[in-house]
Structures are given as C-alpha cells and as structure tokens.
Amino acid sequence: MAESKENQTDNKAFTEDCHKVLMAVSDALYAIGGKWKLMIIIAMARGNKRFTEIQRQVSGISARVLSSELKELEINGFIIKKVENGYPVSIEYELLPYSHTLEEVVGAMTKWGMQHREKVKAEMGSENSKK
C-alpha cells in the first residue's frame, strides 16, 4: 500500500513536470514558432532593417506574410517599427534587446540543422551506393 502511494506521488510530480515543460515549449512556439519568425530575426540581426531588405533576405516569404510576422514579432517584444515622417515616409524595423535572448536558441538550432543535413546527406549517399 505504501508503494502505491509513493508511485502516485511520483506520477503526479512527473505529470506536473511534464505539463510545465509542455507549457513552456508551447509558449516558445507561440512567440517564435512557424517557418519565418526566426529567419526574419536572423536577417534583421545581419543589418536588414527595411521591409524590402528583409523580404529579399528571407527568400520565399510573401509581402503579406512578412507584414503579418513583423506585427507578431512587434507584439511579442522582439522588434519595433520606426516611422520617420517626411517625403517619402521612411519605415525601418529594429531589433529590441529582448531579441538577443534568442541567440542561444538560434545557435543550437543552427548546429543541429547542420548535423541533420549531414546525416541526411550521408544516409542518401549510402542508399544510392546500395542501388
């Protein structure tokens, strides 16, 4: 009977811990998930500040999607939109200091992405040599 109560306590702690992890990952994916957000931040970190510069660097993104993603990044505190009145009106996007909290994430994803690409290439090469 004592083992049963211990097991229930362990399961409850495990379930609560799992829930915390899932919620944290869910929050992260909400803020930076999707195909484009991190790519936009990376392009901006490399000096691209104007809409057309960002769109040129992030190949494949449409103007409509870029506009939407920039708004979401602004809402989540990663960037700010700066509008300078004049003729013509000048609009630039700037990374906020909070965006630098993603450097470790981007570094880890870059490393993993390179490893994954090499793994896939190696597996494809070994499959082709079997034929």
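Residues numbered from 1 in each chain as written. Predicted model: local features only at pLDDT ≥ 70, side-chain atom pairs only at ≥ 80, totals over all residues. Heavy atoms only, no water.

1. A short note on helix α4 (residues 63-75)
Given 3.6 residues to a turn, an α-helix orients residues that are three or four positions apart in the same direction.
Next up, step 1: End to end, α4 covers 18 Å across 13 residues, agreeing with the expected 18 Å (1.5 Å per residue, within 8%).
Next up, step 2: Of the residues making up α4, those classed as buried are Leu66, Glu69, Leu70 and Leu73. Within α4, the buried residues cover an arc of 105° as seen down the axis, which keeps them to one side. Along α4, exposed side chains directed more than 90 degrees from the buried face belong to Arg64, Lys71 and Ile75.
Next up, step 3: Where α4 ends, the next residue or the one after it, Gly77, has phi of about 80°, a positive value. (Helix = DSSP H or I, 4+ residues; strand = E, 2+ residues; numbered from the N terminus. Expected span 1.5 Å × (residues − 1). Buried < 20%, exposed > 50% of the residue type's maximum accessible area, 1.4 Å probe, protein only. Arc of directions from axis to C-beta.)

2. Regarding the environment of Leu96
Next up, step 1: Tracing the backbone through its elements, the reader meets Leu96 in the loop between β2 (90-95) and α5 (103-130).
Next up, step 2: The spacing of Leu96 and Glu74 is 22 residues in sequence and 9.2 Å in space, taken between C-alpha atoms.
Next up, step 3: Leaving out residues up to four positions away in the same chain, Leu96 has contacts with Gly77, Phe78, Ile79 and Ile80. (Contact = heavy atoms within 4.5 Å.)

3. So, the side chain of Ser99
Next up, step 1: Counting through the fold element by element, Ser99 comes out in the loop between β2 and α5.
Next up, step 2: Since its relative accessible area comes to 5%, Ser99 is described here as buried.
Next up, step 3: Only 2.7 Å separates the side chain of Ser99 from the backbone oxygen of Leu96, close enough to count as a polar contact. (Polar contact = N/O pair within 3.5 Å; in protein donor to acceptor, adjacent residues only side chain to side chain.)

4. Regarding the nonpolar core
Next up, step 1: Ranked by size, the top nonpolar core spans 20 residues in total, and within it Ile40, Met44, Ile54, Leu70, Phe78 and Ile79 carry the most contacts.
Next up, step 2: Of all the secondary-structure elements, those providing two or more residues to this core are α1 (2-32), α2 (37-45), α4 and β2.
Next up, step 3: If one sorts the elements of this core by residue count, α2 sits on top with 5 residues.
Next up, step 4: Every residue in contact with Met44, bar those within four places of it in the chain, is listed here: Ile54, Leu70, Ile79, Tyr93, Glu94 and Leu95. (Core = buried A, V, L, I, M, F, W, Y, C linked by side-chain atoms within 4.5 Å.)

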